[in-house]
Amino acid sequence: MAKADSKKADTLKPRLPRGFLDRREEEIAAQHRMLEEIRRTFELYGFEALETPFIEYTESLGKFLPDLDRPNEGVFSFQDDDESWLSLRYDLTAPLARFVAEHFDAIPKPYRSFRAGYVFRNEKPGPGRFRQFMQFDADIVGAPSVAADAEICMMAADTLDRLGLKGQYVIKVNNRKVLDGVMEAIGLAGPDQAGRRLTVLRAIDKLDRLGPDGVRLLLGPGRKDESGDFTKGAGLPEDAIERILAYVSFQASPSDGGDRVHFWEQFFRSWGDVVGDSETGREGIAELHAIMRLCAAAGYGHDQIRADPSVVRGLEYYTGPVYEAELTFPVTNEEGQVVRFGSVAGGGRYDGLVGRFRAEPVPATGFSIGVSRLFSALQLVRSPLLQGTQKPGPVVVLVLDRENVADYQRLVANLRAANIRAELYLGGAGMKAQMKYADRRRAPVVIIQGSNEREAGEVQIKDLIEGARAAENIASNAEWKAARPAQFSVPEAELVERVRAVLARHYGAGA
């Protein structure tokens, strides 16, 4: 007994690290169908696939990560044998920047590429917050015109349409330069005002949740929430608050069938009043206006793509237009409140990133889809894309006589040679357990050959799907044994033909 207890104590406990997930076949297959639809859309726009490694030199990941003295904060890092720091990639954009700079003369420019893969964050995990997750990115490098940004917005809209989310999303577009112009106009330009600018941006970011009145408090003295917690405000004077509220509050949409171009002229005229004489702000407005004109000319309505001042996330990273794909259907959050599903993708122009590796500036723009979050959204709307046709399990050849395993292996080989998914039972259990195994494998058919069948040159084919249906009308075990529903003998030479006929009856001719 003591020996058994000692052995038990030495046994490792199977544990999945926090912030990581295991996934099984059904979820993998459903996600693959979603990824294939995204890939087809990106290819329709002329983008080509690119794959970069999981690991990059830590210095290549950019200034958006912590100090190299503490490279393990935020990223998973280790030292190579030459003492260089290496890190698991944090996103898919920094590796793209490294690739483009390294192969600059060999690739066509503008360079359109898409990448899908896992990224890693060395952060504290929580509900919906993982250390490993998948992104699907598309970027255009080497195109300074905002026509490239308009293409990205249109492609994002087309992607969501093709995934079955038509009418349930909006692509919201803002511009870092407009925000900079607003900050200049209210006296918050310069590095010494960085803290107050961040407070203002955080207040704008809460517009959808708190409304103009809540944002007004956060821009001024501060706001006390329902629980009594107080959030200190930016302490702006009243005229600055009014200017920002004028900027974020102009949210009206053009009427269906109306003149969209005229609407956007009116829209951006109101923003022009807000940025005043700021050249940066006016440049940003002109860029947004151009994007909206291009999208309108291509037939995209305001319900699909629109300028929106509430998009402020990532503005310390982006240098121009910034966009966010938001799903608008309602869901219930962890607190029981009904809210919009929210963002599933985002991106913008990042003209400085590739330039870190080269003397000359290299313009770039792109967006990233959060694959897990988008997959969750498609599950919520019960997307037919994820349902698909359930993949049948393998045909299972039972092993009733272990001295003749070679004969059973021959049967399996014949099925596989005919492109029929099949496997030989490799366990050590008897027939009853083997049948239970086949059921758990979702096998549509099992092949049975005892000594009598072998001598006669025959096999038994048992149709498990038809058998399950017949079982519903059989009252007793004795009746079951006597009837042996959906089980029949065929010559070995007809095995492939008869199994294929059973699969075709249940799954169609291509099964």
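Criteria and thresholds
Residues numbered from 1 in each chain as written. Predicted model: local features only at pLDDT ≥ 70, side-chain atom pairs only at ≥ 80, totals over all residues. Heavy atoms only, no water. Helix = DSSP H or I, 4+ residues; strand = E, 2+ residues; numbered from the N terminus. Buried < 20%, exposed > 50% of the residue type's maximum accessible area, 1.4 Å probe, protein only. Polar contact = N/O pair within 3.5 Å; in protein donor to acceptor, adjacent residues only side chain to side chain. Contact = heavy atoms within 4.5 Å. Core = buried A, V, L, I, M, F, W, Y, C linked by side-chain atoms within 4.5 Å. Axes fitted to C-alpha atoms, helices over the stretch in contact; angles between N-to-C directions. Parallel < 35°, antiparallel > 145°, perpendicular 65-115°, else oblique. Left-handed = near helix turned anticlockwise from the far one by under 90°. Nonpolar A, V, L, I, M, F, W, Y, C, P; charged D, E, K, R; others polar. Salt bridge = Lys/Arg side-chain N within 4 Å of Asp/Glu carboxyl O. Pairing = 2+ DSSP bridges. UniProt positions renumbered as here; feature names shortened; annotations may be inferred.

(A) Inspection of the side chain of serine 87 at higher detail. Looking at the secondary structure, you find serine 87 in strand 4 (residues 85-88). With a relative accessible area of 0%, serine 87 lands in the buried category. A polar contact of 2.6 Å, which involves the side chain of serine 87, links it to the side chain of serine 77. Those residues in contact with serine 87, other than ones at most four positions away along the chain, are Phe54, Ile55, Glu56, Thr58, Leu61, Val75, Phe76 and Ser77.

(B) Fine view of helix 3 (residues 93-102). With nine of ten residues buried, helix 3 is to be regarded as a mostly interior element. Turning to helix 3, its buried residues are Thr93, Ala94, Pro95, Leu96, Ala97, Arg98, Phe99, Val100 and Ala101. Those residues of helix 3 that are buried lie in contact with strand 2 (55-57), strand 5 (111-120) and strand 6 (132-141).

(C) Structural context of the nonpolar core. The biggest cluster of nonpolar side chains holds 83 residues, and the ones touching the most others in it are Met34, Phe42, Ile171, Leu236, Ile305 and Phe367. Take this core: its biggest share by element is nine residues, from helix 4 (residues 147-162). Apart from residues lying up to four places away in sequence, methionine 34 is in contact with Leu163, Val371, Leu374, Phe375, Leu378, Leu385 and Leu386. Listed in part, the 21 residues of the second largest apolar core include Val399, Ile420, Ile447 and Val490.

(D) Representation of the packing of helix 7 (residues 207-219) against helix 8 (residues 238-249). Orientation of helix 7 relative to helix 8, taken along the N-to-C sense of each, is 165 degrees, at an axis distance of 9 Å. Taken together, the axes of helix 7 and helix 8 lie roughly antiparallel to each other. Taken as a pair, helix 7 and helix 8 cross one another with a handedness that is right-handed. Every residue of helix 8 that contacts helix 7 at Leu207, Pro212, Val215, Arg216 and Leu219 is listed here: Glu238, Ile241, Glu242, Ile244, Leu245, Val248 and Ser249. The residue inventory of the contact of helix 7 with helix 8, partitioned by class, reads eight nonpolar, one polar and three charged.

(E) Local environment of the pattern of salt bridges. Within the structure shown, the criterion is met by 31 salt bridges. Through salt bridges with shared partners, one network takes in Asp401, Asp407, Arg410, Arg454 and Glu492.

(F) Highlighting the pairing of strand 4. Bridge analysis of strand 2 against strand 4 gives three bridges, and the strand direction is antiparallel. In the sheet register, isoleucine 55 faces strand 4, and the bridge partner there is leucine 88. Where strand 3 (residues 77-79) meets strand 4, three bridges bridge the pair, whose relative direction is antiparallel. Bridge pairing links glutamine 79 to tryptophan 85 in strand 4. Taking the residues between adjacent antiparallel strands as the criterion, strand 3 and strand 4 are bridged by five residues, where glutamate 83 takes a positive phi near 70 degrees.

(G) Looking closely at the UniProt feature "binding site: L-histidine" (unreviewed entry) in the protein. The sites that carry the UniProt feature "binding site: L-histidine" (unreviewed entry) are, in the present numbering, Asp91, Leu92, Thr93, Arg121, Gln135, Asp139, Arg313, Tyr317 and Tyr318. Following the sequence through the fold, glutamine 135 ends up in strand 6. What makes glutamine 135 buried here is its relative accessible area of 10%. For aspartate 139, the location among the structural elements is in strand 6. Taking relative accessible area as the criterion, aspartate 139 reaches 2% and is therefore assigned buried. With residues near it in sequence (within four places) discarded, aspartate 139 still touches Phe47, Leu96, Tyr111, Arg112, Ser113, Arg115, Tyr350, Thr365, Gly366 and Phe367.

(H) Just unusual backbone geometry, in detail. Across the junction of lysine 109 and proline 110, the peptide omega takes the value 5 degrees, indicating a cis bond. Unusually for a residue other than glycine, asparagine 419 sits at a positive phi of about 65 degrees. Within the element layout of this structure, asparagine 419 appears in the loop between helix 13 (405-417) and strand 15 (422-424). For arginine 442, which is not a glycine, the phi torsion comes out positive at approximately 60 degrees. The residue arginine 442 is located in the loop between helix 14 (431-440) and strand 16 (445-448) in this model. A residue is classified by how much of its surface remains accessible, and arginine 442, at 31% relative accessible area, is partly exposed.

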